[in-house]
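Here is how the chains run, residue by residue.
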Amino acid sequence: MPGPALPTAPVADPRPAALRTLLALAVVFVMLATTGWTAVHRPEGGTPLRAAALSAWSQARIGGRPVPPADAPARTVARFFDGLDGAQRARLADGYPLVVGNLDGAPAATRYRANRLGLEQAGLVEEARGRDVALAPADRVTATRRAHRFASLAEPGRQILAFDPTGGGLVAEVFGDLDRARRVSVVVPGVDTDAVTFERTQRRFTAPVGMAESLYEAQRAAAPDSRTAVIAWAGYSAPTGVGMDAATGRMALEGAVRLKSLATALPGDSTVALFCHSYGSVVCGVAAHELPRRVTDVVVAGSPGMRASNVAGLRTSARVWATRDEGDWIADVPHLEFGGLGHGADPVSAEFGARLLSSATARAHTGYFEPGTDSVDNFAKIGTGAFGSVVCATGDDACRDGISGAESDGRA
């Protein structure tokens, strides 16, 4: 007779873990949908002005020489413009503003000139669209808003480093003297950023212009004699609201290429610090391993993740700093990456290994650049090299470990 059946070891059911992961992803979408990442679809708008400009540029010559391709490396563009006199540079800026204004490696002053003209051209197109009764009312309203924004950006004294009206529009603006700066800070914003939302009258410091202005003023207050410049950089196509684009790294990949080009092409030998907010931190994380060594610091605020499991996984020589206000809803979004969805580990977790900054007086997800907050004060200290006075989130000096001196250009 067969003996009694022997007990068998229970086999772990893999389904609960998978279900937990899927549930976490569902929570991601629910959280994003209810906490500020939602937005209506952003219409394309405008006409293909830049496409026409690129076509004309491909045939252009000056002084008997062909111009470099619009996608040439910054060093190639820089060598070309170094060989031109002031009048020739002006001719190219005036004749091909929507190309020259976006050429990494071209002199900053030449790009500013080109972009003023490009903004005026694009503004006229949008004004006409705003009056075009053949368009849907919503499209006319959008065109009018774009025309107003372009007119604002084209005002005398503004230093627009990049402008492309295609789609939602790409813009970058400089505060300070970029050519003379020893230290340059770049503000990398998150979702729902385009040419129209590049600056805001209401909730000013939630938009790239307000963020950069606040950081620049804080730097001037912290180190009046320091030669610094700040760039508000909406130079990539950011996700619009909730959806697959915000939950994946697809748009961050394109943004990373553009961010690397910007950092590489900045004039002189200035060091660079990146201040990356929300989805902007995904862009910075993806770009990290290819950034030039002049990028000494990467600071993330309100980050959903950097698509890396820890600082070592970013493969960068830059110092990595992170901060999150205790009232920031992004803390409740699961930090995971599964099947391309999600952005990985939480940058403020101990396991990630970032230098943790205080943001005690910031408010919620969009308040990190508000004047007078601990966060923007810390950003200013990093941007000016005053590392010895940075306030750590832990209340001690842990985030300053390995950085020698209050003023340092070196990296830990």
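Procedures and definitions
- Residues numbered from 1 in each chain as written.
- Predicted model: local features only at pLDDT ≥ 70, side-chain atom pairs only at ≥ 80, totals over all residues.
- Heavy atoms only, no water.
- Salt bridge = Lys/Arg side-chain N within 4 Å of Asp/Glu carboxyl O.
- Helix = DSSP H or I, 4+ residues; strand = E, 2+ residues; numbered from the N terminus.
- Buried < 20%, exposed > 50% of the residue type's maximum accessible area, 1.4 Å probe, protein only.
- Pairing = 2+ DSSP bridges.
- Contact = heavy atoms within 4.5 Å.
- Axes fitted to C-alpha atoms, helices over the stretch in contact; angles between N-to-C directions.
- Right-handed = clockwise from strand over helix to strand, strands pointing away.
- Polar contact = N/O pair within 3.5 Å; in protein donor to acceptor, adjacent residues only side chain to side chain.
- 1 Å grid on protein atoms, 1.4 Å probe; cavity = no way out; pocket = protein on both sides within 12 Å on 5 of 7 lines; lining within 4 Å.
- Points joined across faces, edges and corners; volume = space filled by probe spheres on them.
- Disulfide = S-S within 2.5 Å.
- Phe/Tyr/Trp six-rings, centres within 6.5 Å; stacked < 30°, edge-to-face > 60°.
- Lys NZ or Arg CZ within 6 Å of the ring centre and 35° of its normal.

Asks: Could you give an account of the pattern of salt bridges, naming the residues involved and the relevant values?
Replies: It is possible for side chains bearing opposite charge to pair when their charged atoms get close. Under the defined criterion, the tally for this structure stands at 13 salt bridges. In this structure, Arg158 and Glu199 form a salt bridge, with 3.1 Å as the shortest nitrogen-oxygen distance. Note that Arg158 is positioned in the loop between helix H7 (137-153) and strand S3 (159-164) and Glu199 in the loop between strand S5 (183-188) and helix H8 (208-222), a separation of 41 residues in sequence. Pair check on accessibility: Arg158 and Glu199 agree, each one buried. The salt bridge involving Arg258 is made with Glu254; its shortest N-O contact spans 3.0 Å. A residue pair is termed a helical-turn pair when its members lie 3 or 4 positions apart in one helix, as Arg258 and Glu254 do in helix H10 (residues 250-265) at 4 residues. Here Glu254 falls in the partly exposed class, since its relative accessible area comes to 30%.

Asks: Describe the sheet that holds strand S8 (residues 295-301), with residues and values.
Replies: The mixed open sheet is built from 8 strands, whose spatial order is S3-S4-S6-S5-S7-S8-S9-S10. In the strand order of this sheet, the two ends are held by S3 and strand S10 (355-356), each with one partner. The sheet contact formed by S8 and strand S9 (residues 319-323) spans 5 bridges and is parallel. Each residue of the ladder has a partner; that of Val298, found in S9, is Val320. H10 contacts S3, strand S4 (170-176), S5, strand S6 (228-234), strand S7 (271-277) and S8 of the sheet and is inclined by roughly 155° relative to S6.

Asks: Which residues make up the pairing of S8, and what values go with them?
Replies: Burial within S8 is extensive, with 7 of its 7 residues counted as buried. In this structure, S7 lies alongside S8, joined through 6 bridges in parallel fashion. In the sheet register, Phe275 faces S8, and the bridge partner there is Val299. Traced from S7 through helix H11 (residues 279-287) to S8, the parallel crossover comes out right-handed.

Asks: Tell me about the side chain of Asn115, and please be specific about residues and values.
Replies: Residue position: Asn115 is located in helix H6 (residues 108-130). For Asn115, a relative accessible area of 0% translates into the label buried. A distance of 3.4 Å separates the side chain of Asn115 from the backbone oxygen of Leu161, its partner in a polar contact. Apart from the residues within four sequence positions on either side, Asn115 is in contact with Pro97, Gly101, Ile160, Leu161, Ala162 and Phe163.

Asks: Can you explain empty space enclosed by the protein? Please cite residues and give values.
Replies: As enumerated under the stated definition, the model contains 2 cavities of 30 Å³ or more in all. Approximately 40 Å³ is the volume found for the second largest cavity. The wall of the second largest cavity is formed by Arg183, Val184, Ser185, Thr271, Val272, Ala273, Thr296, Asp297, Ile382 and Gly383. Within the residue set of the lining of the second largest cavity, elements represented by two or more residues are S5, S7, S8 and helix H13 (374-384).

Asks: Just give me the short version of the state of the cysteines, but keep the residues and values in it.
Replies: This model, assessed by the stated rule, comprises 2 disulfides. With its sulfur 2.1 Å from that of its partner, Cys276 forms a disulfide with Cys284. Across the S-S bond of Cys276 and Cys284 the torsion is about -90°, and the bridge reads as left-handed. Both residues of the pair, Cys276 and Cys284, count as buried.

Asks: Lay out unusual backbone geometry with the relevant residues and their values.
Replies: Of note, the phi angle at Arg203 is positive, near 50°, even though the residue is not glycine. Relative to the helices and strands, Arg203 is located in the loop between S5 and H8.

Asks: Outline the packing of aromatic side chains, supporting the account with residue identities and numerical values.
Replies: Evaluated as defined, the whole model comprises 7 aromatic pairs. Residues Phe275 and Phe379 carry aromatic rings whose centres are separated by 5.4 Å and whose planes lie at 50° to one another, so their mutual orientation is tilted. With a gap of 104 residues between them, Phe275 in strand S7 and Phe379 in helix H13 connect regions that are remote in the sequence. Here Phe275 and Phe379 have matching classes, each one buried. Here the aromatic rings of Phe369 and Phe379 are separated by 5.2 Å at their centres, their planes lie at 50°, and the arrangement is tilted. Pair noted here: Phe369 is in the loop between S10 and H13 and Phe379 is in helix H13, with a separation of 10 residues, a long-range link. The exposure class of Phe379 is buried, given its relative accessible area of 1%. Positioned above the aromatic ring of Phe387 is the side chain of Arg319, whose terminal nitrogen or guanidinium carbon lies 4.3 Å from the ring centre. Of note, Arg355 hangs over the ring of Trp321, and the distance from its end group to the ring centre comes to 5.7 Å.

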